[in-house]
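Summary of the model geometry
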Amino acid sequence: MAAIKQTFFQECEEQLAELETGLLAIESEEHDTDTINAVFRAVHSIKGGAGAFGLEELVRFAHTFETTLDLVRSGQIQPDAGLLKLMLRSSDILADLVRFSRDGGEMDESRVSQIHEELTRAAQPGGTPAASAAPAAAPSFTPPAAFDAGSDDDDFVPITINFDDILGGGEPAVEEQVFVVSFRPKPELYAKANDAIKLLREIRALGDADVACDISEVPLLTELDPEGAYLSWTIRLGSDVTEAQVREVFEFVEFDCDVSVTAEPKVDPNFEFVPAPVAETREPVPALADDGPLIPESVLAKIAQVNAEPAKASPAAAANQAQPAQQAQTTIRVDLDRVDRLIDLVGELVINQSMLSQRVTEAGIARLSEVAVGLDDLEQLTREIQDSVMAIRAQPVRPIFQRMSRVVREVADMVGKSVRLVTEGENCEVDKTVIERLADPLTHMIRNAVDHGLEKPEDRIKAGKPEQGVVRMTAAHRSGRVIIEVSDDGAGINRARVKEIAIKRGVIEPGVPLSDSEIDDLIFAPGFSTASTVSDVSGRGVGMDVVKRSIQALGGRISISSKPGQGTTFTLSLPLTLAVLDGMVVTVAGQTLVVPLTAIVETLQPKGPEVHGLGERAKVIAIRGSFIPLIDVGYKLGYRYEEADPLNSVAIMVESENRAQSALMVDGIIGQQQVVIKSLETNYGQVFGVAAATILGDGRVAVILDVDAIVAGNRS
């Protein structure tokens, strides 16, 4: 039961994501009937599963939510802005109830009750409560106003007739009724591990049931789809239950089958049918002629011919048979520990493949030999396995983007601003580990954008902007990395105030000249905050420095771009995976290093006329009309105390996150290789210029360069 319950909560996450996506689509007026139905199904599925596990509080709230959505679905109430805001808040409450049901803890009862009451009122015309209201009084008859106490007839007493008294009053006894139930499952019913037989047993438990199975649509064995649904049932049920109780049997599979329930009219056993007399003016019905059949022989012959011939499908049907029906994509749930174990094994396979390649090279085996050719095939197969395993862990960023919409709503309500979140590139896939560790940084950035980035509504109107601010989140793949941007259309960074606060708090010295980008980077200083007062949202100096450290821990970088009066954009650059990368293996001062291939633009051999000195020690290289700084990697990392001669080195041109180019000087290039990333910070400590480490084919440990840190350190 615990395993089934865990599966239920996993499905709840999917249903909640679908619910929020649908509500946001309705809010942006990009919806149709299917979207509203999908939102209703999501809440209905959560309620059904919660009822199976006895989660009463979750069932009660989901039922009220479902009732309101059903009225929207039927067109009885319109989803205006106020109702949609209430539904989004209800979605948040539903998510909290699911989480507390799974993890335990106490839910804020007052908050749940408030939303519950608002949903109840929203489901009533004119805003009158529904669920909490007292039952409506029975209809009664009151005499016209002319017969009042002032009438001439003093003995007259107004009479009130209660129809319940006439009809017997109270709850009428339910007599036995015959229902005809037509039940046709869809393939989705069986795909969700439901059993039609169990549903039929529940029907039979309600009373006397006569069940008939229709097998007319079962195809030949050669044409049978194992995942199809061909059987249907007709049940005649005699019972004293109501029609609603009969339909309740199919509540959990409502959308996975076709069900109709009809009640046969009751017949009084003492009723005697007496035919009405035929009017004399009616024309008599002509008698059928006794000579000759009712159907002409030519028609009978044609029918016999058709029955004798094999059935011929129409061209459209033939085309449909030629093309098998598109099957719905099937998925399986696998424990994450098993996937992680598989990834670790693939990493070991990559290392062993590198070791074999190096041993073959050291043995001097010809590249065209069978051993070398087989080793090349092994290398290609290893890469395909690695790519496939990485794809298993890859997930779209949609769930985390959807989570941010809730953060925007909550913070906007706290600070009294009207904010709209726009997302793009939600299908961009990233390693699951990266997504999980992105939640906190993105939350801080969204809160910062709403609280600090966007102006107050009155200030936006004065500036000629719409009252509603816009926060935009985009994700895209670029050069083997994923780029996530968080931007707003606010006032931009007040650089004068940022610099003033930085001087006051001792972050920088007074009088130090700083560029705009350097002033913007002061936001990431620990304890830095531009908030004048401490609130529930900001002002404690914790936020953007945490963001920067979290992004750097993922092997990523963060940059800021701001324009006064137009807004601010934070750009995150992250690796697609934290397991394997393609790198260029180089040698520096007798050490073997790895440069990430995604940062390399080209390699070249410096020539005398191209190298120029700049200042005391700096050097630049002239390439295609521009001067690019030369950085000696061995000198920067402390492998040697004197800089190497550029003419005896190899220059690797790299591009950092701000699109600036630099040339890294190394002693030589060994070749390109796929390496397994091992965290150096976890196993040893943080080292300048080193992003991670790896194990080479000969068993030695080699460091993976942090190109951005080396380039930034060269500027300082």
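For the structure, see preceding data.
Attention in this report is confined to the structure presented alongside it. Computed from a predicted model, the values in this text were never measured in an experiment. (Residues numbered from 1 in each chain as written. Predicted model: local features only at pLDDT ≥ 70, side-chain atom pairs only at ≥ 80, totals over all residues. Heavy atoms only, no water.)

As for the overall build of the chain
For clarity, the cut-off: The numbering of helices and of strands both runs from the N terminus, where a helix is a DSSP run of H or I of at least 4 residues and a strand a run of E of at least 2. Exposure categories follow from relative accessible area, calculated using a 1.4 Å probe and restricted to protein chains: below 20% of the type maximum is buried, above 50% is exposed, and the middle band is partly exposed. What makes two residues a contact is simply this: any of their non-hydrogen atoms within 4.5 Å. Each accessible area value is a Shrake-Rupley result obtained with a 1.4 Å probe; residue values ignore everything except the protein chains displayed when judging cover.
Along the chain, the regular secondary structure elements total 22 helices and 24 strands. Of all 716 residues assigned to the chain, the portion counted as buried reaches 36%. For the chain, restricting intrachain contacts to residue pairs at least 6 apart in sequence, the fraction spanning at least 24 positions comes to 68%. Accessible surface, the chain: about 42800 Å² in total, of which carbon and sulfur atoms supply 52%.

Brief notes about helix α1 (residues 2-27)
Applicable threshold: Here a helix's expected span is defined as the number of its residues, less one, multiplied by 1.5 Å.
If you check α1, its first and last C-alpha atoms are 37 Å apart, about what 26 residues at 1.5 Å a residue would give, namely 38 Å. Considered for burial, the residues of α1 that qualify are Phe8, Phe9, Cys12, Gln15, Leu16, Leu19, Glu20, Gly22, Leu23, Ala25 and Ile26. Where α1 is buried, its residues touch α2 (33-52), α3 (56-73), α4 (81-103) and α14 (398-415).

Concerning the sheet that holds strand β11 (residues 481-488)
Condition: When DSSP finds two or more bridges between a pair of strands, those strands are recorded as paired. Each axis is a line fitted through C-alpha atoms, and for a helix only the stretch in contact is used; angles between axes span 0 to 180 degrees, taken between their N-to-C directions.
The sheet built from five strands is open, its strands ordered β8-β10-β11-β13-β12 with mixed pairing. The open sheet terminates on both sides in strands that have one partner only, identified here as β8 (419-424) and β12 (557-563). Each strand axis lies, on average, 15° off the axis of its neighbour in the sheet, ignoring direction. Here six bridges tie β8 to strand β10 (residues 469-478), and the two strands are oriented parallel to one another. Across the sheet, the residue bridging to Val419 is Gly469, located in β10.

Some thoughts on the nonpolar core
The condition that has to hold: The criterion is simple. A nonpolar core is a set of buried Ala, Val, Leu, Ile, Met, Phe, Trp, Tyr and Cys residues joined through side-chain atoms within 4.5 Å.
Grouped together as the largest cluster of nonpolar side chains are 45 residues, with contacts concentrated most on Ile400, Leu438, Leu442, Met445, Ile446 and Ile484. Ranked by residue count, the leading element in this core is helix α15 (residues 432-453), at nine residues. Non-local contacts of Leu442, meaning those with residues more than four positions away in its chain, are made with Ile400, Met404, Met473, Ile484, Val486 and Leu572. With 40 residues, the next largest nonpolar core counts Ile26, Val43, Phe65 and Leu69 among its residues.

Concerning the packing of aromatic side chains
Heads up, the condition is: Note on aromatic contacts: the rings of Phe and Tyr and the six-membered ring of Trp form a pair at centre separations within 6.5 Å, being stacked when their planes are under 30 degrees apart, edge-to-face when over 60 apart, and tilted otherwise.
Within the structure shown, the criterion is met by six aromatic pairs. Centroid distance Phe8 to Phe9: 5.1 Å. Interplanar angle 55°. Geometry classified as tilted. Overall, the relative accessible area of 6% leaves Phe8 in the buried class. Centroid distance Phe183 to Trp233: 5.8 Å. Interplanar angle 25°. Geometry classified as stacked. Taken together, the positions of Phe183 in strand β3 (residues 177-185) and Trp233 in strand β5 (residues 232-239) put the pair 50 residues apart, joining distant regions of the chain. Of the two residues, Phe183 and Trp233, neither departs from the other in class, the shared state being buried.

Examining the packing of α3 against α4
Rules: Roughly parallel here means an angle under 35 degrees, roughly antiparallel means over 145, roughly perpendicular means 65 to 115, and every remaining angle is called oblique. A clockwise turn of the near helix away from the far one marks a right-handed crossing, whereas an anticlockwise turn of less than a right angle marks a left-handed crossing. Residue type decides the class: Asp, Glu, Lys and Arg count as charged, Ala, Val, Leu, Ile, Met, Phe, Trp, Tyr, Cys and Pro as nonpolar, and the leftover types, Gly among them, as polar.
Look at α3 against α4: their axes get within 10 Å of each other, and the N-to-C directions meet at 155°. With respect to their mutual orientation, α3 and α4 come out roughly antiparallel. Judged by the twist between their axes, the crossing of α3 over α4 is left-handed. In this structure, α3 contributes Glu57, Leu58, Phe61, Ala62, Phe65, Thr68, Leu69 and Val72 to the contact, and α4 contributes Leu83, Met87, Ser90, Ser91, Ile93, Leu94, Leu97, Val98 and Ser101. Considered class by class, the residues forming the contact of α3 with α4 number 12 nonpolar, four polar and one charged.

A look at unusual backbone geometry
Only a minority of non-glycine residues have a phi that is not negative, and only a minority of peptide bonds are not trans. Residues other than glycine seldom take positive phi values, yet Ala589 does so here, at roughly 50°. In this fold, Ala589 is placed in the loop between β14 (580-588) and β15 (591-596). For Ala589, a relative accessible area of 31% gives the class partly exposed.

Section: a nonpolar patch on the surface
Formally: Within this analysis, patches are made of residues with over 30% relative accessible area and no salt bridge. Like charges are joined at 9 Å or less; nonpolar side chains (Val, Leu, Ile, Met, Phe, Trp, Tyr) at 5 Å or less. Salt bridges are counted wherever a side-chain nitrogen of Lys or Arg sits within 4 Å of a carboxyl oxygen of Asp or Glu.
Taken together, the side chains of Ile215, Val218, Leu221, Leu224 and Leu231 present a nonpolar region at the surface, about 460 Å² in accessible area. Along the chain, Val218 falls in the loop between β4 (208-214) and β5.

Some thoughts on the environment of Ile628
Checked against the element boundaries, Ile628 lands in strand β19 (residues 626-632). C-alpha of Ile628 to C-alpha of Ala660: the two residues are 32 residues apart in sequence and 9.1 Å apart in space. Apart from the residues within four sequence positions on either side, Ile628 is in contact with Lys619, Val620, Ile621, Ile623, Met653, Gln661, Ser662 and Ala663.

Regarding the pairing of strand β23 (residues 690-695)
Sheet analysis places β23 next to strand β24 (residues 701-705), joined by five bridges and oriented antiparallel. Note that in β24 the partner of Ala692 across the bridge is Ile704. As consecutive antiparallel partners, β23 and β24 are separated by five residues, and within that stretch Gly699 has a phi angle of approximately 90°, a positive value.

Considering the pattern of salt bridges
Evaluated as defined, the whole model comprises 22 salt bridges. Taking the shortest distance from any N to any O, the salt bridge between Arg184 and Glu217 comes out at 3.2 Å. Placement of the pair is Arg184 in strand β3 and Glu217 in the loop between β4 and β5, with a sequence separation of 33 residues. A relative accessible area of 43% means that Glu217 is categorised as partly exposed. One salt bridge connects Arg398 with Glu426, and the closest N-O pair in it is separated by 3.9 Å. Of this pair, Arg398 sits in helix α14 while Glu426 sits in the loop between β8 and β9 (429-431); the two residues are 28 residues apart in sequence, bridging distant segments of the chain. With relative accessibility at 28%, the residue Arg398 sits in the partly exposed group. Counted as one network, the salt bridges with shared partners bring together Glu455, Arg460, Lys465 and Asp489.

Quick notes on the side chain of Thr68
With respect to the helices and strands, the residue Thr68 is situated in helix α3. A relative accessible area of 0% places Thr68 in the buried class. Not counting residues within four places of it along the chain, the set of residues in contact with Thr68 comprises Ile77, Leu83, Met87, Leu119 and Ala123.

Examining the packing of α1 against α2
Where α1 contacts α2, the two axes come as close as 8 Å, and the packing angle between them is 155°. Between α1 and α2, the interaxial angle falls into the category roughly antiparallel. For the pair α1 and α2, the crossing hand works out as left-handed. Across from Phe8, Cys12, Gln15, Leu16, Glu18, Leu19, Gly22, Leu23, Ala25 and Ile26 in α1, the residues of α2 making contact are Thr35, Ile36, Ala38, Val39, Arg41, Ala42, Val43, Ser45, Ile46, Gly49 and Ala50. A per-class count over the contact of α1 with α2 returns 14 nonpolar, five polar and two charged.

Function cannot be read off these values alone, since they describe shape.
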